[in-house]
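# What the coordinates show
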2 protein chains.
Amino acid sequence: MSNENPSAAMFAQFAVVARALGHPHRLALMQLMAQGECAVETLADRAGLTVANASQHLQRLRRAGLATARKEGQRVLYRLADGAVVDLLGALRRIAENNLAEARQLIQTYFDRRDSLEPLTRRELRRLMRAGEVTVLDVRSPEEFAAGHLPGAINIPLRELERRLRMLPASQRVVAYCRGPYCVFSYEAVALLREHGYDARRLEDGYPEWKAARMPVEANDGAARPSAPARAADTARRR
Amino acid sequence: MSNENPSAAMFAQFAVVARALGHPHRLALMQLMAQGECAVETLADRAGLTVANASQHLQRLRRAGLATARKEGQRVLYRLADGAVVDLLGALRRIAENNLAEARQLIQTYFDRRDSLEPLTRRELRRLMRAGEVTVLDVRSPEEFAAGHLPGAINIPLRELERRLRMLPASQRVVAYCRGPYCVFSYEAVALLREHGYDARRLEDGYPEWKAARMPVEANDGAARPSAPARAADTARRR
DNA sequence: TATGAATTCAATTGAATAATTGATTACTTG
DNA sequence: CAAGTAATCAATTATTCAATTGAATTCATA
């Protein structure tokens, strides 16, 4: 295929990657995989896709070098190929935020409680954590939490938050986080907590970015590990 | 359009950007625009496209927030929207290089004189430039050169290089650069120079990356300027 | 070895894209 | 104002892509 012009051939390769990025479902799947390695059916479920459809999208991501798969027993576990994929997604996000009117509109409408909710940077949160002055709240699902989370975080999925409020000490500031910058969970969590009198704030983005920034993470199966290449702890025991 | 799920709507926006990236011709056009603001016909010419086709690709890039256009007289000048676009392209490139077998294959075949040609990093070149120990050679077209180039660079387009070799002092190391990491010009220039006994090396990537890294540039219309937002000096006098 | 579960494959349909062509719209200049 | 230039628009065709359905693999376990 066209080697008359080598740089055109390289561009064709880049285009393969870009087109694989270019579907909302695949972006959603990537965000989910950014939480940790995960089986096809689990991903399909969380993304609201049929298994066959998710499988095909995932295969396409794999062909484009954005994801990798390995077989474990009868399931196939997919994960992002590379920390650089998170960077790529971040760059994409930045362009859309800065230059697309529609995206800015959406942010204003749904996410721009942003100003009033004063997101914390990773660095700021890190400092508070070291000082022991903060309760870190992970509002994702228990499975995602188990695959990896911020050290010392408490896991209360959003839908259970109201019921389990008492688990959070009212005396201390709470910082909530979820799947990523455009995951609504942490926004809603902070709103709810504030209604109940908490001093609550959001982390600026989510777990994947924290991990990609090589901040410490820990997983459920035991010891904290500084920032190791997330061992295959997919806990999707389903049905 | 689908505001039931705000983060799905955001993903749809990101997908718009990604799909706009996802065509080899558009990537080529972006590389060309990364050299500096440029008129449609010029871009079409350099990319080897018909004007109508280039126009449509450019419009799509504009709609996706990757490029902007302004009208000057009877021509429309397009440029990249944002320094972040160069970052995005870089991230794309890195994924393809690391994870796509085909891309690695191409690099080996066409570009992996890489090792033997020992590319210089921007920082290294900067140091040599300050020390006055290097001749910087720009092998792009005069128009591209005029729109912006490394300070003190000599412009000899590749096809004229052999004829005008005497313009380069044989006593000093030569560092060549061109449009970007996958532009063949600088590879060929270095090969040619070495055949003629020069101590020649390549810059690791091209002018756009240099500029995006906020290194000093200068343009033909006069004074060097530290790294200002490239003024509209499109010198495409054509035909 | 038979059963069931997880995933992939194959074939179909409808939708979105890309390139081409020719016509049309702005703008400049004589 | 007329002529010419630069860019865009409109309509066509071939291609690629997405989602669905149902069948086919592959593996684990009884």
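These numbers come from a predicted model, not from an experiment.

### Looking at the interface of chain A and chain B
If you look at the interface, chain A gives 45 residues, while chain B gives 45 residues. Where chain A abuts chain B, roughly 4,100 Å² becomes buried across the two surfaces, and 78% of that area is made up of carbon and sulfur atoms. Connecting chain A to chain B are zero salt bridges. One can count two residue pairs in polar contact (both at pLDDT 80 or more) joining chain A with chain B. For the side of chain A that touches chain B, the secondary structure elements donating two or more residues are α1 (6–21), α2 (24–35), α5 (83–99) and α6 (101–111) of chain A. When the residues that make up the side of chain A that touches chain B are grouped by side-chain class, the tally is 31 nonpolar, nine polar and five charged.

### A short note on the pattern of salt bridges
Residue and element names in this part refer to chain B. Taken as a whole and assessed by the stated rule, the structure comprises 18 salt bridges over all chains. One salt bridge connects D205 with R122, and the closest N-O pair in it is separated by 3.2 Å. Here D205 is found in the loop between β7 (200–202) and α12 (207–212), whereas its partner R122 is found in helix α8 (residues 122–131), with 83 residues between them in sequence. Residue classification places D205 among the buried residues on the basis of a relative accessible area of 8%. For R122, a relative accessible area of 22% corresponds to the partly exposed category. The partner of R164 in a salt bridge is E160, with the nearest N and O atoms 2.5 Å apart. Residue R164 is classed as partly exposed on the basis of its relative accessible area, which comes to 22%. Overall, E160 belongs to the partly exposed group, its relative accessible area being 22%.

### Overview of the layout of surface pockets
Quantified by volume, the largest pocket comes out at close to 810 Å³. Around the largest pocket sit 46 residues that line it, and D87 and A91 of chain A together with D87, A91 and L92 of chain B are the ones nearest its centre. Contributions of two or more residues to the lining of the largest pocket are made by α1, α2, α5 and α12 (207–212) of chain A together with α1 (6–21), α2 (24–35), α5 (83–99) and α12 of chain B. Looking at side-chain class alone, the lining of the largest pocket contains 26 nonpolar, six polar and 14 charged residues. Put simply, the second largest pocket is a space of about 700 Å³. Around the second largest pocket, the lining comprises 26 residues; the ones closest to its centre are L32, R46, R179 and F185 of chain A together with N5 of chain B. Sort the elements by how many residues they give to the lining of the second largest pocket and α2 of chain A lands first, with five residues.

### Let's talk about the protein's contact with DNA strand D
If you check the shell around DNA strand D, you find 24 residues, and the closest are R19, H57 and R60 of chain A together with S55 and Q59 of chain B. Those atoms of DNA strand D that come within 4 Å of the protein belong to sugar or phosphate at a rate of 85%. In the environment of DNA strand D, a sugar or linking oxygen lies 3.3 Å from a nitrogen or oxygen atom belonging to the side chain of H23 of chain A. The separation between a phosphate oxygen of DNA strand D and a polar side-chain atom of R26 of chain A is 2.9 Å. Taken together, the elements giving at least two residues each to the surface near DNA strand D come down to α2 and α4 (51–63) of chain A together with α3 (40–47), α4 (51–63) and β3 (75–80) of chain B. Grouping the amino acids of the surface near DNA strand D by side-chain chemistry returns seven nonpolar, 11 polar and six charged.

### As for the nonpolar core
Counting 92 residues, the largest nonpolar core has M30 and L66 of chain A together with M30 and L66 of chain B as its most contacted members. Apart from the residues lying within four places of it in its own chain, the contact partners of L66 of chain B are I95 of chain A together with V17, A20, L21, M30, L61, R79, L80, A81, V85 and L88 of chain B. Ranked by size, the runner-up nonpolar core spans 17 residues in total, among them L168, C183, L193 and A200 of chain A.

Analysis parameters
- Residues numbered from 1 in each chain as written.
- Chains lettered and ligands numbered in written order.
- Predicted model: local features only at pLDDT ≥ 70, side-chain atom pairs only at ≥ 80, totals over all residues.
- Heavy atoms only, no water.
- Contact = heavy atoms within 4.5 Å.
- Buried area = accessible area lost by both parts, 1.4 Å probe.
- Salt bridge = Lys/Arg side-chain N within 4 Å of Asp/Glu carboxyl O.
- Polar contact = N/O pair within 3.5 Å; in protein donor to acceptor, adjacent residues only side chain to side chain.
- Helix = DSSP H or I, 4+ residues; strand = E, 2+ residues; numbered from the N terminus.
- Nonpolar A, V, L, I, M, F, W, Y, C, P; charged D, E, K, R; others polar.
- Buried < 20%, exposed > 50% of the residue type's maximum accessible area, 1.4 Å probe, protein only.
- 1 Å grid on protein atoms, 1.4 Å probe; cavity = no way out; pocket = protein on both sides within 12 Å on 5 of 7 lines; lining within 4 Å.
- Points joined across faces, edges and corners; volume = space filled by probe spheres on them.
- Near = heavy atom within 4 Å.
- Core = buried A, V, L, I, M, F, W, Y, C linked by side-chain atoms within 4.5 Å.

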